[in-house]
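Examination of the molecular architecture
Residues per chain, in single letters:
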Amino acid sequence: MNPEEYAKKMGGIKKCVLIAFIASAILSLAMIVLLICFNFAGVFTIQTLPGTKYENAFTYPGWQAIYWGVGEMIIQGYTEFSFNIWNCLGLFLPLLVLIVCEIMYLKNRKKRGTNTKKAVLEFIMAGAVLFGSIILFNCDYFAIENAKTVTGSYQNYYTEYLYPALNGEVSFSKEIYPYLILIAGLLTTVVKAVNGALLIYQKKFAAKYGAK
C-alpha cells in the first residue's frame, strides 16, 4: 500500500473512530442520567379490587424496587419489598463502571498507543450497561421474587395484594421507564462495541501498513 493510499484510508478510519467516540460519550452521559433517574421514575404499578389498599393504582418509584418497598406511605412494621441485591447491582454496577471507565478513556483519548486500552474500556462499559439494562428491565420480576421472601411484616403484601393482582385482581404491570432503560442500554452497548472494534482495527491497520 503506497503512502497516499494509506493516508487516505487511515484518515477515513480516524473519522469513523471520532464519530463513534462522540456517540459513545453522549450515550454514556445519557445512560448515567437515566440510571440516576431510575430511583425516582415509576417502574411498575399495582391495582387491586375496590375496597382494598390499592384500589387506586399505585406506581412504585425505582428506589422502592431496590432499597425498601413500603407502598403508598411508610408504616412502622410494614414491608412489601426488602433490599433487592439484583436491582441494586443492575443500577450501581453500570453506573460506577461508566463513570470510572469514561474518565479513564478521556484521559487516554489523545495518547498514542492506547487503542487496546481504550477498546477494553469500551467493552467493559458495554458489558456492564447490557447487564444493567436487562436487570432493570426485569425489575418487576426481581421485586416479585423478593416480595415472596419478606417476613416480619404485620401484613403479608405478597399474599394480600401482589399475588391477587398478578392473577387479574386487578393488575400488576411494568411502566415505560424500564423499556426506556433497555432500549438506551442496548443502543449504548452496540455503539461502545463498535467503537472498541474500530479502535482495534485502527491499531492493526497501522501495524500492518503504517511502517510500509
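Residues numbered from 1 in each chain as written. Predicted model: local features only at pLDDT ≥ 70, side-chain atom pairs only at ≥ 80, totals over all residues. Heavy atoms only, no water.

**Some points on the state of the cysteines**
What we call a disulfide is simply a covalent bond connecting the sulfur atoms of a pair of cysteines. Selection rule: For this text, the term disulfide refers to a pair of cysteine sulfurs within 2.5 Å.
Per the stated rule, a full pass over the model turns up zero disulfides. Of all cysteine sulfurs in the structure, the one in C88 sits closest to C139, which takes part in no disulfide; the separation is 13 Å.

**Notes on the packing of aromatic side chains**
Short version of the rule: Note on aromatic contacts: the rings of Phe and Tyr and the six-membered ring of Trp form a pair at centre separations within 6.5 Å, being stacked when their planes are under 30 degrees apart, edge-to-face when over 60 apart, and tilted otherwise. Each helix is a run of H or I in the DSSP string that is no shorter than four residues. Each strand is a run of E no shorter than two, and both are numbered from the N terminus. With a 1.4 Å probe rolled over the protein chains alone, any residue whose accessible area is under 20% of its type maximum counts as buried; one over 50% counts as exposed, and the rest are partly exposed. In this scheme, Lys NZ or Arg CZ marks a charge over a ring once it lies within 6 Å of the ring centre and within 35 degrees of the ring normal.
Under the definition given, this model contains 21 aromatic pairs. Aromatic pair F81 and Y157: ring centres 5.3 Å apart, planes at 75 degrees, arrangement edge-to-face. One end of the pair, F81, is in the loop between α2 (62-66) and α3 (85-108); the other, Y157, is in helix α6 (residues 157-166), and 76 residues separate them in sequence. Of the two residues, F81 and Y157, both sit in the buried class. Here the aromatic cluster, defined as three or more aromatic residues joined through ring pairs, consists of F44, Y54, F58, Y60, F81, Y157, Y161 and F172. When the ring centre of F137 is taken as origin, the NZ or CZ atom of K174, which lies over that ring, is 4.2 Å away.

**Regarding the sheet that holds strand β2 (residues 58-61)**
We count it as follows: Pairing between two strands is assigned when DSSP locates at least 2 bridges connecting them. Note on method: axes are straight lines fitted to C-alpha atoms, helices fitted across the in-contact stretch only, with angles between N-to-C directions ranging 0 to 180 degrees.
In spatial order, the strands read β2-β1-β3; together these three strands make up an open sheet with antiparallel pairing. A single partner strand is all that each edge strand has here, and the edge strands are β2 and β3 (170-174). Each strand of the sheet is rotated relative to its neighbour by a mean of 20 degrees, with strand direction disregarded. Two strands pair when backbone bridges link them, and strand β1 (residues 42-48) and β3 are joined in this way by five bridges, in the antiparallel orientation.

None of this, on its own, says anything about what the molecule does.
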